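Below, each chain spelled out in residue letters.
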Amino acid sequence: MNAASRTKLNQTPEWTALAKHREELGAPRLRELFARQPERGTAYTLRVGDLHLDYSKHLVTDETLRLLRELAAATGVAELRDAMFRGEKINTTEDRAVLHTALRAPRDAVVEVDGENVVPAVHAVLDKMASFADQVRSGQWTGHTGKPVKNIVNIGIGGSDLGPAMAYEVLRSFTDRDLTLRFVSNVDGADLHEAVRDLDPAETLFVIASKTFTTIETITNATSARDWLLTELRAGQDAVAKHFVALSTNAEKVEEFGIDTANMFEFWDWVGGRYSYDSAIGLSLMVAIGPDRFREMLDGFHLVDEHFRTAPAEENAPFLLGLLGVWYGNFFDAQSHAVLPYSHYLSKFTAYLQQLDMESNGKSVDREGDRVDWQTGPVVWGTPGTNGQHAYYQLIHQGTKLIPADFIGFAAPVHDLLPGLIAQHDLLMANFFAQTQALAFGKTPEEVRAEGVPEELVPHKTFRGNHPTTTILADKLTPSVLGQLIALYEHKVFVQGAIWNIDSFDQWGVELGKVLAKKIEPLLTGDGGADAGQLDSSTAALVDAYRTLRGR
Ligand code: F6P
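Our subject in this report is the structure included herewith. (Residues numbered from 1 in each chain as written. Predicted model: local features only at pLDDT ≥ 70, side-chain atom pairs only at ≥ 80, totals over all residues. Heavy atoms only, no water.)

### Structural notes on the packing of aromatic side chains
Two descriptors summarise a pair of aromatic rings, namely the distance from one centre to the other and the angle between the planes of the rings.
And step 1. Applying the stated rule across the entire model yields 29 aromatic pairs.
And step 2. A ring pair is formed by Tyr-275 and Phe-505, whose centres lie 5.4 Å apart and whose planes are at 45°; its orientation type is tilted. Of this pair, Tyr-275 sits in the loop between strand S9 (264–266) and helix H12 (283–289) while Phe-505 sits in the loop between helix H20 (479–500) and helix H21 (511–525), and the two are 230 residues apart along the sequence. Judged on exposure class, the residue Tyr-275 and its partner Phe-505 are both buried.
And step 3. With centroids separated by 5.1 Å and ring planes inclined at 75°, the aromatic side chains of Phe-432 and Phe-433 adopt a geometry described as edge-to-face.
And step 4. For Phe-433, a relative accessible area of 41% translates into the label partly exposed.
And step 5. Among the aromatic residues, those joined into a cluster by ring pairs are Tyr-342, Trp-381, Tyr-392, Tyr-393, Phe-407, Phe-432 and Phe-433.
And step 6. The ring of Phe-265 is capped by Lys-128, whose NZ or CZ atom sits 5.0 Å from the centre of that ring.
And step 7. For the cation-ring pair, Lys-242 lies above Trp-141, with the distance from its terminal atom to the ring centre recorded as 4.9 Å. (Phe/Tyr/Trp six-rings, centres within 6.5 Å; stacked < 30°, edge-to-face > 60°. Helix = DSSP H or I, 4+ residues; strand = E, 2+ residues; numbered from the N terminus. Buried < 20%, exposed > 50% of the residue type's maximum accessible area, 1.4 Å probe, protein only. Lys NZ or Arg CZ within 6 Å of the ring centre and 35° of its normal.)

### Some remarks on helix H1 (residues 13–25)
And step 1. With 13 residues, H1 should cover 18 Å at 1.5 Å per step; its first-to-last C-alpha distance of 18 Å lies within 8% of that length.
And step 2. Turning to H1, its buried residues are Trp-15, Leu-18 and His-21. One side of H1 holds all its buried residues, which, seen down the axis, span an arc of 120°. For H1, the exposed residues set more than 90 degrees away from the buried face come down to Pro-13, Lys-20, Glu-23 and Glu-24.
And step 3. On its buried face, H1 sits against helix H4 (62–74) and helix H14 (317–331). (Expected span 1.5 Å × (residues − 1). Arc of directions from axis to C-beta. Contact = heavy atoms within 4.5 Å.)

### Let's talk about the side chain of Thr-462
And step 1. Within the secondary structure, Thr-462 sits in the loop between helix H19 (458–461) and strand S13 (469–474).
And step 2. Reaching out from Thr-462, the side chain makes a polar contact with the backbone oxygen of Val-458 at a distance of 2.7 Å.
And step 3. Apart from residues lying up to four places away in sequence, Thr-462 is in contact with Gln-398, Lys-443, Thr-444, Pro-445 and Val-448. (Polar contact = N/O pair within 3.5 Å; in protein donor to acceptor, adjacent residues only side chain to side chain.)

### Side note on the pattern of salt bridges
And step 1. Considering all chains together, one arrives at 29 salt bridges under this definition.
And step 2. The residue Arg-66 makes a salt bridge to Glu-63 at a minimum N-O spacing of 3.0 Å. Residue Arg-66 and its partner Glu-63 are both found in helix H4; the two are separated by 3 residues, about one turn of the helix.
And step 3. Judged by its relative accessible area of 35%, Glu-63 is partly exposed. (Salt bridge = Lys/Arg side-chain N within 4 Å of Asp/Glu carboxyl O.)

### Overview of the sheet that holds strand S8 (residues 244–248)
And step 1. Across the sheet, which stays open at both edges, the 5 strands sit in the order S6-S5-S7-S8-S9 with parallel pairing between neighbours. A single partner strand is all that each edge strand has here, and the edge strands are strand S6 (180–184) and S9. The average angle at which neighbouring strand axes cross in this sheet is 20°, direction not considered.
And step 2. For S8 and S9, the ladder comprises 3 bridges, and the chain directions are parallel. Bridge pairing links Ala-246 to Met-264 in S9.
And step 3. The strands that helix H6 (residues 119–138) touches are strand S5 (151–155), strand S7 (204–209), S8 and S9; relative to S9, the one it contacts most, it runs at about 145°.
And step 4. Packed onto the sheet, helix H9 (residues 216–233) meets S5, S6, S7 and S8 and runs at close to 160° relative to S7. (Pairing = 2+ DSSP bridges. Axes fitted to C-alpha atoms, helices over the stretch in contact; angles between N-to-C directions.)

These figures capture arrangement, not role.
Pasting the structure below:
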């Protein structure tokens, strides 16, 4: 669809039809929807690879879903998807192709950018990563003093940190437990301090992950890490080659930093930072889990890519999840979306999704540069169950806000737990199923009274229900299943961005803070006679207070 000729989203007949339908639906009750359609629990489900998706506990009817699909058709979601897979420059504000799907394409696939097939280069880097990972894992890669590497410290931030850090947690049971892997992202020196304080520098490898190799946090931490290493080893610059590798698109800057480009693992400007952990950015992860597991993960991604590319809208899981988000965000005024995994290994999953979703769809101008007057990306949040149940679930159950939620759970633990712990899995999953049931169907005042609850407590013990949830269930949390889950969310974000007519692949909003921080830093240190006169009165007073506290 030609963006320039596109009718404003909320002026399309499809949007109007949805608004009318929403009005007619009133306050839909899940109890009634299930009573009217007893087979709903099996009818409103989808299967994608290893993922079983139940969307029956949503405030939708067949008509709602039909109208939502019409909105997707009218806004050209499928056309934009096809343009993405073809390598067209759909990231218009940066004039870039968006081809994270090429990172997991099979060796014999052809994906062209500017007339060149990029798949051979993708696999050449994967092979180089595999050979490096094997050397580290086997102890062949030795440091400056000849000791094998035992510790890997990944230094990166945003997309160069969250993906590998999340996946390392998820796949911990697949990792080589003799290796220590740590992630440093924050420019707060405490992060690097805690990561290296108990490590032997002679056994430590730093993986500097930065697409641009200009990100201030990463370059500052990498420089401090280099100083630490050379000081501790009492070594010269030549030690860097054995202890530092780079993951980047910017060979010039990598060289400038002092890392041999032979030790650089390349990726390309058509890979967005938040879509990059299946590129060279996943090197630390690959060292931890081994190349075979990494490839299994890529195959999982690819499986869902193919599903997204080919499945009709009615059976297309990313379409469905994207459309449900539009339904609540735009027609119920839901402001946030909870992702609640029932797996301890998914502890960093939601933090990862926050960047994926909020950096992609946190936009307020459309592709033509006009301010949108419809809601775009939601606040994404959540932590693993059952912990959340004892913290914020109260608000989801009985608060005043509508919070659609995804529940993600597994039929079995991914590996043998200590004796006795395996039985806990059923308890975990009983909670998983109970929560979506309680959220959907609640407890009526009559049911509360029937339990003999005194009248004055009835309103407090009543659960309104009608809180919509998607349940995603898989057998085990394997590398392939992780890839499937991530691709599912990547494409869900895509569908929503396409409908809202925003560029989901740029992130200009993070620039202003970076520019201002550069201006403020010399005011804090007093370097270069910087002039505080340009600051607003609040920031000036705060800077002044900081300097007084620091005795400057
Ligand atoms: O926060 C902005 C951002 O550009 C993210 O999109 C990116 O993932 C992160 O910074 C890190 O960037 P780089 O990999 O270039 O260091």
